[in-house]
Amino acid sequence: MQKKFINSLFFVFIVCCSLLVASCQTPKKTPAPDLNWQVAVSKFEIKDSLAAVEGVTQYDGSILNVTHTQTPDSGKVYLILEATVSKVGNQSDPFDWQWLVVKDSAGNSYSRMENDSFLDQYQFSPRITGLELRLGEYSGWMCFEIPAAAAKAKLTLTYTAAGSQQEIVLQK
Amino acid sequence: MKNKLLIIFVTIALFLAIAAGVVFSGVLTIPTAASLAKATEVQSYDILAAQYQRETDILADYGKGNYSPQHPYIIQDPYQANPLSALILFETTEPAQTTVTVMGKNQYSTFTYTSTGFTTHHEIAVLGLYAGQKNQVELAINYQNGQKEVSEQTVQTEALPYDFPNLKVQVSQPDKMEPGVDLMISCLDTNYSYLLDANGDVRGYFTNKNFGHCTAMRVLQNGHLLTTGDVLKLMPYNMYTLWEMNLLGKVFVEYEIPNAVHHDIIELSNGDFLATSNNAAMPQAYDSREDVVIRINRQTGAVTDQYDLRQIMDEHRGPFTNYTPGVIHAPNMDWAHLNSVEMDAADNSIIVSSPIQSTVVKFNADSRQIDWIISSPEGWSGADSKYQQYLLTPVGENFEWSWGQHAAKILPDTDNDPNTTDILLMDNGQARSFTQDQSVAPADNYSRAVIYRINETNKTIQQLWEFGKELGSSAYATFLGDADLLPLTGNINIDFGGMLRQNGVPVDNIVSGVIGKTQVRSRVVEVQPGGQEVFDVSVTPNHTSDSETYQVRKIALYNPSIEYALGASEGQRKGEIQANSPTTYKLPGFFIPRLTVSFKQLYQQNSTLVVEGNFLYQNQAYALGKILLVLKNSGQQYIFATNSGLNGEFAGRLDLSGVKPGEYAIYVVGGVVDGMDALGKIKPGYNAAGYKIDVK
């Protein structure tokens, strides 16, 4: 009886652990051969707003908390990715941000925000530059603005430039 | 029974003795393999080597393709220093000369540069791109055989950073302005240095906020830009290095200056530099700062002469200033705060400005004898009455003395009188009095640019021109600022650099502004000699407290020094590297977890460790503190003092040459001084910093 109970408990524990692992926001990497530019996503977050409290020290040593907020357009959310973009091939083609898009389950594409420099203020730092990349490796955060409804379903990140076809499943 | 009690007592005593021995031996702070594994490795970095590698990588990448004028290789922000710049590379089949044009909104904001020779390999710097736009860049190729070719390119840039200051242009008459761009130089490390065109649009900015702190940036005879580098010796702007660089961010020469440089640096006619500086032993072994002028040999980088103002003026003269809070027994007395230096080649003399003393002093470079002092007659009594002989007598109408002034510069001779010298300076007007009870309130005060004519024979001073008083307190800048005569138009560029404001009202709390507790705004005005404004831009903070403009410098966006060959050679390093040697300090035997440390800079450069950071003591910033870095492993420990600043700041460069090779955990020890006496007792803390270093 006791052994059965322990086995059940162990089973529940294993199931919980599996669920916990499955719920983590880690993207599924789809390796693609012969890439010129490689994108690797280490984590991502979906936020309906960003807030940061800045502690401003006063003359008497006390801290005045100043709150900063940033919100997406109505009906949208921020998809914030931490990624590494690396030149791994031998061609000299640049990494062009217009070919890096997030796709939702309906096949709609969303480009990186034109100006996501606010990320630095909300501890998503460093931010990857949005300039065209030519060489080297760049790690940091970037932001997409996507419909809130789309954020609840399948999302993939694709880079579709010549010689660098890549698809990363962010969430199923 | 008694024996049993005795045994228990002895056992407990023995146990306590062993425990105390263990605790106080420091064995508890020896890093374990697990703690080292978790710590972040300190990276090696050398800007000269890194930039050379970058150039080599660019050329290698370029070599993988075939690039022509119509299909050039474009790399934006090639040195990761100025995002509004790019390099364009291509080959031509025949030798050709190129003209690059960065299209602007009008003729005054369109920039063109033609290369000096005919080549088949082309490396073209693109400067002056707009932010957040598809920029049109035209390449005109003129072949030696007479053929011409034009190539239109588009360069998309990013928007300005979220914390870039707000710019409000109130006047812009480009046809009446001096050609070029305004280089807006920052003072504090929360602000950017950037380029403004005649329309007030940003056409370049440096992402590194750690260089050129509160120090002039000047275009040298060779076309390079000279300013301070990014290794801090002492807060908030005494920098160990000088950079000879360009607007792409490429550093051609790094000069190591043990004295550290602040505020001003000029190039002499023979190419050497003259800079406002310090005694090299400051701050650890010299009790004052910012009171020495140094001469730097351009070829070697060595400091070849020092002009110590303590041997020329009285460091104990104490006018009222707003450089508070007063710190009892301040470790480094800032009695002079020299903020400009000028060489008068006519009589081999040096002119320096001391805003704290509200004096401009001219002295002979050989004898160190004073020629004259621009100063109100207030405060030259008692022990200082001996200086009265050097004070100038005002003549003429509408004369006013300058207070807390900046940027005293000799103007070209206009009266053909060898006995006179015209001086242009920025009269900040701080306090406008020697004593606090007579000082002018900020809301009633003003700042101005002023030209004085000094008759050196008669020892008189006359006010020739002024601008700024009419703006009243709206442009009152307690500190920082500049005034430059512009050579082509005769206009004067005026920088009201440090306008301290609380709820929009002028205030005078300089230190509060420097450490980010009071908002600092600025305003730059270009005026014609008659006083008509042709450019006026107000700068206000955006997500920070600071939008100061230490100086403004009108420069040409392009000059021939922008032509150089990528990968030809690594930048040069000259001068003498100074770094703190290990010191002694009685380390606690166990951690006292009261310090929270964050590093702005922490990297290994050759045999030194560059450090710049902030600490909190029990989650609170204190005015005075002291931080030492401890390198420790199971067999060795080395303790290094850093140089302290206000409000939990610390910085320095540590000498690792005597450190035995191996992996070390980095700890911080020290703490805060209770009260405002720098010599007071330190409340200690002792923490792991979360970093490790592999010393080779």
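Just so we're clear, the structure is a prediction, and the values are computed from it rather than from any experiment.

Q: Could you give me a rundown of the overall build of chain B, with the residues and numbers involved?
A: Within chain B one finds four helices and 45 strands. By the compact-globule yardstick of 26 Å for 696 residues, chain B fits well, its C-alpha radius of gyration being 28 Å. By principal-axis analysis of the C-alpha atoms, chain B measures approximately 110 × 75 × 50 Å. In chain B, buried positions account for 59% of the 696 residues. Of the contacts made within chain B by residues no fewer than 6 positions apart, 65% connect residues no fewer than 24 positions apart.

Q: Report on the pattern of salt bridges, specifying residues and quantitative values.
A: Residue and element names in this part refer to chain B. Scanning all chains against the criterion turns up 42 salt bridges over all chains. With a closest N to O distance of 3.5 Å, aspartate 415 and arginine 453 form a salt bridge. On the criterion of sequence distance, the pair formed by aspartate 415 in the loop between strand S27 (406-410) and strand S28 (420-427) and arginine 453 in strand S29 (residues 448-455) is long-range, its members being 38 residues apart. A salt bridge links arginine 523 to aspartate 536; the shortest N-O distance between them is 2.8 Å. Here the residue arginine 523 occupies a position in strand S34 (residues 519-527), and aspartate 536 occupies one in strand S35 (residues 533-540), the gap between them amounting to 13 residues. The same class applies to arginine 523 as to aspartate 536, namely buried. Each of the salt bridges in this network shares a partner with another, and the network as a whole consists of Asp46, Glu254, Glu256, Arg573 and Arg653.

Q: Describe the interface of chain A and chain B, listing the residues and the values that go with them.
A: With 24 residues of chain A in contact, the opposing surface of chain B contributes 31 residues. Carbon and sulfur atoms supply 50% of the area that chain A and chain B bury against each other, a total of about 2,200 Å² over both sides. Put simply, chain A and chain B have two salt bridges between them. When grouped by side-chain class, the residues that make up the side of chain A that touches chain B number six nonpolar, 13 polar and five charged.

Q: Outline the confidence of the model for chain B, supporting the account with residue identities and numerical values.
A: Low pLDDT marks stretches whose predicted atomic positions should not be read closely. For chain B, the average pLDDT comes to 95, and 99% of its residues sit at 70 or higher. For this predicted complex, the interface score ipTM comes out at 0.83, alongside a pTM of 0.92.

Q: Kindly report on a nonpolar patch on the surface, identifying the contributing residues and their values.
A: All names here are of chain B. Together, Leu14, Ile18, Val22, Phe24, Val27, Leu28 and Phe590 make up an exposed nonpolar region whose accessible area comes to about 660 Å². Here phenylalanine 590 lies in the loop between strand S37 (572-575) and strand S38 (595-605). Classification of phenylalanine 590 as partly exposed rests on a relative accessible area of 32%.

Q: Tell me what's going on with the side chain of threonine 99 of chain B, and back it up with residues and numbers.
A: All names here are of chain B. Counting through the fold element by element, threonine 99 comes out in strand S4 (residues 86-102). In terms of polar contacts, threonine 99 uses its side chain to reach the side chain of threonine 114, at 2.8 Å. Non-local contacts of threonine 99, meaning those with residues more than four positions away in its chain, are made with Thr112, Tyr113, Thr114, Glu138, Leu139, Ala140 and Asn142.

Q: So what's going on with the sheet that holds S29 of chain B? Which residues, and what values?
A: Residue and element names in this part refer to chain B. Spatially, five strands are ordered S26-S30-S29-S28-S27 in an open sheet, and the strand pairing comes out mixed. If you trace the sheet from one side to the other, it starts and ends with strand S26 (393-395) and S27, each paired once. Averaged over all neighbouring strand pairs, the angle between strand axes comes to 30°, with direction disregarded. Relative to strand S30 (residues 460-467), S26 runs parallel, the two sharing three bridges. Looking at S30, one finds that proline 394 is bridged to isoleucine 461.

Q: Just give me the short version of helix H3 (residues 47-62) of chain B, but keep the residues and values in it.
A: When the terminal C-alpha atoms of H3 of chain B are compared, their 22 Å separation across 16 residues agrees well with the 22 Å that a helix rising 1.5 Å per residue should span. Taking the backbone nitrogen of leucine 48 of chain B as reference, a side-chain oxygen 3.0 Å away marks aspartate 46 of chain B as the first, capping residue of H3 of chain B.

Q: Which residues make up the side chain of asparagine 647 of chain B, and what values do they have?
A: Turning to its location among the elements, asparagine 647 of chain B is positioned in the loop between strand S42 (643-644) and strand S43 (649-655). Residues within four places of asparagine 647 of chain B in sequence aside, it is in contact with Ile515, Lys517, Asn614, Ala621, Tyr622 and Ala623 of chain B.

Q: Mind laying out the sheet that holds strand S12 (residues 202-205) of chain B, listing which residues take part and the relevant values?
A: In sheet architecture, strand pairing relies on hydrogen bonds along the backbone and comes in two forms, parallel and antiparallel. All names here are of chain B. In space, the four strands of this open sheet follow the order S12-S11-S10-S36, with antiparallel pairing throughout. The outermost strands of the open sheet, each flanked by one partner alone, are S12 and strand S36 (551-555). The average angle at which neighbouring strand axes cross in this sheet is 25°, direction not considered. As paired elements, strand S10 (residues 181-185) and S36 share five bridges and run antiparallel to each other. Counterpart to aspartate 182 in the pairing with S36 is lysine 554.

Rules of the game
- Residues numbered from 1 in each chain as written.
- Chains lettered and ligands numbered in written order.
- Predicted model: local features only at pLDDT ≥ 70, side-chain atom pairs only at ≥ 80, totals over all residues.
- Heavy atoms only, no water.
- Helix = DSSP H or I, 4+ residues; strand = E, 2+ residues; numbered from the N terminus.
- Rg over C-alpha atoms; globule rule 2.2 N^0.38 Å.
- Buried < 20%, exposed > 50% of the residue type's maximum accessible area, 1.4 Å probe, protein only.
- Contact = heavy atoms within 4.5 Å.
- Salt bridge = Lys/Arg side-chain N within 4 Å of Asp/Glu carboxyl O.
- Buried area = accessible area lost by both parts, 1.4 Å probe.
- Nonpolar A, V, L, I, M, F, W, Y, C, P; charged D, E, K, R; others polar.
- pLDDT = per-residue confidence, 0-100.
- Patch = residues over 30% accessible without salt bridge, like charges linked within 9 Å, V, L, I, M, F, W, Y side chains within 5 Å.
- Areas by Shrake-Rupley, 256 points an atom, 1.4 Å probe, with all protein chains shown as cover.
- Polar contact = N/O pair within 3.5 Å; in protein donor to acceptor, adjacent residues only side chain to side chain.
- Pairing = 2+ DSSP bridges.
- Axes fitted to C-alpha atoms, helices over the stretch in contact; angles between N-to-C directions.
- Expected span 1.5 Å × (residues − 1).

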